[in-house]
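Notes for the structure review
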Amino acid sequence: LARGVAEPDLRGRHVVVSAGGTREPLDPVRFLGNRSSGKQGYALARTAAARGARVTLVSANAGLPDPAGVDVVRVGTAVQLREAVLKAAADADAVVMAAAVADFRPAAYASGKIKKKDGQDPDPIVLVRNPDILAEISADRARPGQVVVGFAAETDDVLANGRAKLARKGCDLLVVNEVGERKTFGSEENEAVVLGADGSETPVPHGPKEALADTVWDLVAGRLG
Ligand code: CTP
Ligand code: CA
């Protein structure tokens, strides 16, 4: 289906998209972060809005302009992202977790800037696990029939890793990207396979992040019926 003018097939639906990458602070000036640009999540938000959905975009440190007609909730850390996503998901028809969520955060936050001490080695950084937001939403659907979508960047046996992750997370769809040079981070384009919990496999050829976003919404819309 050509999408010059989008079909309003998500009209009346509320969808939640997380985007960007969380930052886990060590002290007032430092954090542990990742390279997610937020572009794929923003493309998902824009395309859902174009298809008529009410969209809540939970944005972690993306530094991109707010898409028109989208409710944007800004967050910093994984714990804040979880709060915002769970709140928005309460009445959502679909939740798409495109954000790169830090798996770990520093166990302690120093309220003052961490300083070097003469002749001393630095203290090690102790990490603790962050909550797994996708697994939690999938296990505990706020609404019957709510469609939950995850993203995964994989190397090596991409499909096998993706299948195992889909099962572990319990989501309906998992968009699997192969990562490597030139691929994915910060790029305008993407290439992926969308795995379904029903065993389906939808390849998405290399192309703009909007095209991948539209394929995700096609699959979501099909599951919403
Ligand atoms: N995710 C999440 N909460 C986390 C970690 C990841 O909701 N604490 C979501 C991401 O937003 C993404 C999906 O889970 O949609 C897969 O993320 P990924 O990092 O690939 O999964 P992990 O289970 O963390 O596996 P890995 O050990 O490979 O990083
Ligand atoms: Ca991870």
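Residues numbered from 1 in each chain as written. Chains lettered and ligands numbered in written order. Predicted model: local features only at pLDDT ≥ 70, side-chain atom pairs only at ≥ 80, totals over all residues.

**What to know about the overall build of the protein**
When helices and strands are counted, the protein shows five helices and twelve strands. In terms of overall size, the protein behaves like a compact globule, its C-alpha atoms giving a radius of gyration of 18 Å where 225 residues would be expected to give roughly 17 Å. Its C-alpha atoms put the protein at 65 × 35 × 30 Å along the principal axes. Out of the 225 residues in the protein, the part that is buried amounts to 42%. Long-range contacts, defined as pairs at least 24 residues apart, comprise 63% of the intrachain contacts of the protein with a sequence gap of at least 6. (Helix = DSSP H or I, 4+ residues; strand = E, 2+ residues; numbered from the N terminus. Rg over C-alpha atoms; globule rule 2.2 N^0.38 Å. Buried ≥ 20, exposed ≤ 12 C-beta atoms within 10 Å, placed from the backbone. Contact = placed C-beta atoms within 7 Å.)

**Some words on the UniProt feature "binding site: CTP" (unreviewed entry) in the protein**
Here the UniProt feature "binding site: CTP" (unreviewed entry) sits at Asp103, Lys113, Pro131, Asp132, Ile133, Leu134, Phe151, Lys165 and Lys169. In sequence the annotated residues extend across 67 residues, and in space they extend as well, their farthest C-alpha pair lying 37.9 Å apart. Residue position: proline 131 is located in the loop between strand E8 (127-129) and helix H3 (133-139). Not counting residues up to four positions away in its chain, the partners in contact with proline 131 are Ala78, Arg82 and Glu136. Inspection of the secondary structure assignment puts lysine 169 in helix H4 (residues 158-169). For lysine 169, a count of 22 C-beta atoms within 10 Å puts it in the buried group. (UniProt positions renumbered as here; feature names shortened; annotations may be inferred.)

**Considerations on the site of ligand 1**
Ligand 1 sits among Ala78, Met97, Ala99, Val101, Asp103, Asn130, Asp132, Ile133, Leu134, Gly150, Phe151 and Ala152. Counting only elements with at least two residues in the shell around ligand 1, the list comes to H3 and strand E9 (147-154). Considering each element in turn, the shell around ligand 1 owes the most residues, three residues, to E9. Classifying every residue of the shell around ligand 1 by side-chain character gives eight nonpolar, two polar and two charged. (Near = placed C-beta within 6 Å. Nonpolar A, V, L, I, M, F, W, Y, C, P; charged D, E, K, R; others polar.)

**Some details on the sheet that holds strand E5 (residues 71-75)**
Whether parallel or antiparallel, the strands of a sheet pair through hydrogen bonds between backbone atoms. Strand order in the open sheet formed by eight strands is E5-E4-E1-E6-E9-E10-E11-E12, and the pairing between neighbours is mixed. Both edges of this open sheet fall to E5 and strand E12 (201-208), since each of them pairs with a single strand only. In this sheet, neighbouring strand axes are inclined to one another by 20 degrees on average, regardless of whether the strands run parallel or antiparallel. Here strand E6 (residues 94-97) pairs with E9 via four bridges, running parallel. Bridge pairing in E9 places valine 95 opposite valine 148. (Pairing = 2+ DSSP bridges. Axes fitted to C-alpha atoms, helices over the stretch in contact; angles between N-to-C directions.)

**Notes on the pairing of strand E11 (residues 189-196)**
Across five bridges, strand E10 (residues 173-178) lies against E11 in antiparallel orientation. Bridged to leucine 173 within E11 is glycine 196. Two strands pair when backbone bridges link them, and E11 and E12 are joined in this way by six bridges, in the antiparallel orientation. Across the sheet, leucine 195 pairs through a bridge with glutamate 201, a residue of E12. Counting the residues that bridge the hairpin from E11 to E12 gives four residues, and of these glycine 199 lies at a positive phi of roughly 95 degrees.

**Here we look at the nonpolar core**
Val17 and Val149 are the most contacted members of the largest nonpolar core, which totals 57 residues. Those residues in contact with valine 149 that lie beyond four places of it in its chain are Ala94, Val96, Met97, Cys171, Asp172, Leu173, Val175, Val216 and Val220. (Core = buried A, V, L, I, M, F, W, Y, C linked by C-beta atoms within 7 Å.)

**Observations concerning the packing of helix H1 (residues 39-50) against helix H5 (residues 209-224)**
Where H1 contacts H5, the axes come no closer than 8 Å and their chain directions differ by 60 degrees. Taken together, the axes of H1 and H5 lie oblique to each other. Read as a crossing pair, H1 and H5 show a hand that is right-handed. Side by side, H1 and H5 meet where Lys39, Gln40, Ala43, Leu44, Thr47 and Ala48 of the first sit next to Lys209, Glu210, Ala213, Asp214, Val216 and Trp217 of the second. For the contact of H1 with H5, the class distribution of residues is six nonpolar, two polar and four charged. (Parallel < 35°, antiparallel > 145°, perpendicular 65-115°, else oblique. Left-handed = near helix turned anticlockwise from the far one by under 90°.)

**Things to note about the environment of glutamine 40**
Note on placement: glutamine 40 falls in helix H1. The spatial distance from the C-alpha of glutamine 40 to the C-alpha of valine 216 is 11 Å, given a sequence separation of 176 residues. Setting aside residues no more than four positions away along its own chain, glutamine 40 makes contact with Ala98, Asn190 and Lys209.

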